[in-house]
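# Architecture at a glance
Here's the letter readout for the chains.
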Amino acid sequence: MNIGIIGAGHIGSALAVRLTSLGHSVKIANSRGPETLGDVAQKTGATPVTAEEAAKGADLIVVTIPLKNIPDLPKDLFAGVPAEVPIIDTSNYYPMLRDGQIAELETGDLTESEWVQQHLGRPVVKVFNNIYADHLQNKGVPAGTAGRIALPVASDDAAAKQKVMALVDELGFDAVDDGTLHESWRQQPGTPSYGADLPADKLREHFASLGTKRTEAQHAEYKANHAKTEQAMADQGIKLK
């Protein structure tokens, strides 16, 4: 496939490495321009381009930039992209370390990817947000391997979700359907599955135990968990870009 990656951070670079190794043609963009992506191109084999060039002619597009920067993307970025092209969102909300507070996400009215979808004006598929970049690049294994890591995939677009789930399998992970974007709170930061590298059976059991509708108690618990994690990261001097 022709795959466009918008965002050349840890996840974007890890995906570029894996996707080029599988024979896909990958274009990658950042906010500073293709001339700044020489090292990324050498490491990943992807072609540095602008965001507009990454989207043009792509069979699949990955948006993997800090959540707070989503509204800054060009408003017509996907204007010429056919409706059947899946757009993947990998973002996570880190209010203390990077993004500042976003009212709809603080109250729990929207999930993170619902907020992204509203800003992009196109259906998105939520995936690759709850696995470490190093694990994404190095821990994929063939289907049927014991302990194979499962990745949750959520979307309101059933056809796009199926295409992305097939790609997840090709990358060496089991794809677990996490329902609609409104149900994708189950894979957000602060939840037990975030960064846990669970196998498919355990991930499905966990989602079943949570239910689909987020309760006020669940929102408060996972928000508190995430705040503790952010504080611990801040205490260690970790900074997110």
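Just so you know, these numbers come straight off a predicted model, no measurement behind them.

## Here's the deal with the layout of surface pockets
- If you add up the space inside the largest pocket, you get close to 1,500 Å³.
- Around the largest pocket, the lining comprises 47 residues; the ones closest to its centre are Gly 9, His 10, Ile 11, Arg 98 and Lys 241.
- Mapped by element, the contributors of at least two residues to the lining of the largest pocket are helix 1 (10-21), helix 2 (38-44), helix 3 (51-55) and helix 10 (216-235).
- Looking at the lining of the largest pocket, the element that brings in the most residues is helix 10, giving four residues.
- Considering only residue class, the lining of the largest pocket consists of 21 nonpolar, 19 polar and seven charged.
- The space that makes up the second largest pocket amounts to roughly 290 Å³.
- Taken together, 20 residues line the second largest pocket, and the ones lying closest to its centre are Tyr 93, Leu 105, His 219, Lys 223 and His 226.
- Here the lining of the second largest pocket gets seven residues from one element, more than from any other, and that element is helix 10.
- Residues of the lining of the second largest pocket, tallied by class, amount to eight nonpolar, seven polar and five charged.

## A look at the sheet that holds strand 4 (residues 60-63)
- With mixed pairing, eight strands are arranged side by side in an open sheet as 3-2-1-4-5-6-7-8. Only two strands of the sheet have a single partner each, and these edge strands are strand 3 (47-48) and strand 8 (174-177).
- Where strand 1 (residues 2-6) meets strand 2 (residues 25-29), five bridges bridge the pair, whose relative direction is parallel. By the bridge assignment, Gly 4 is partnered in strand 2 with Lys 27.
- Contacts from helix 8 (residues 158-170) reach strand 4, strand 5 (87-89), strand 6 (125-126), strand 7 (150-155) and strand 8 within the one sheet, and its direction differs from that of strand 7 by about 165 degrees.

The rules we used
- Residues numbered from 1 in each chain as written.
- Predicted model: local features only at pLDDT ≥ 70, side-chain atom pairs only at ≥ 80, totals over all residues.
- Heavy atoms only, no water.
- 1 Å grid on protein atoms, 1.4 Å probe; cavity = no way out; pocket = protein on both sides within 12 Å on 5 of 7 lines; lining within 4 Å.
- Points joined across faces, edges and corners; volume = space filled by probe spheres on them.
- Helix = DSSP H or I, 4+ residues; strand = E, 2+ residues; numbered from the N terminus.
- Nonpolar A, V, L, I, M, F, W, Y, C, P; charged D, E, K, R; others polar.
- Pairing = 2+ DSSP bridges.
- Contact = heavy atoms within 4.5 Å.
- Axes fitted to C-alpha atoms, helices over the stretch in contact; angles between N-to-C directions.

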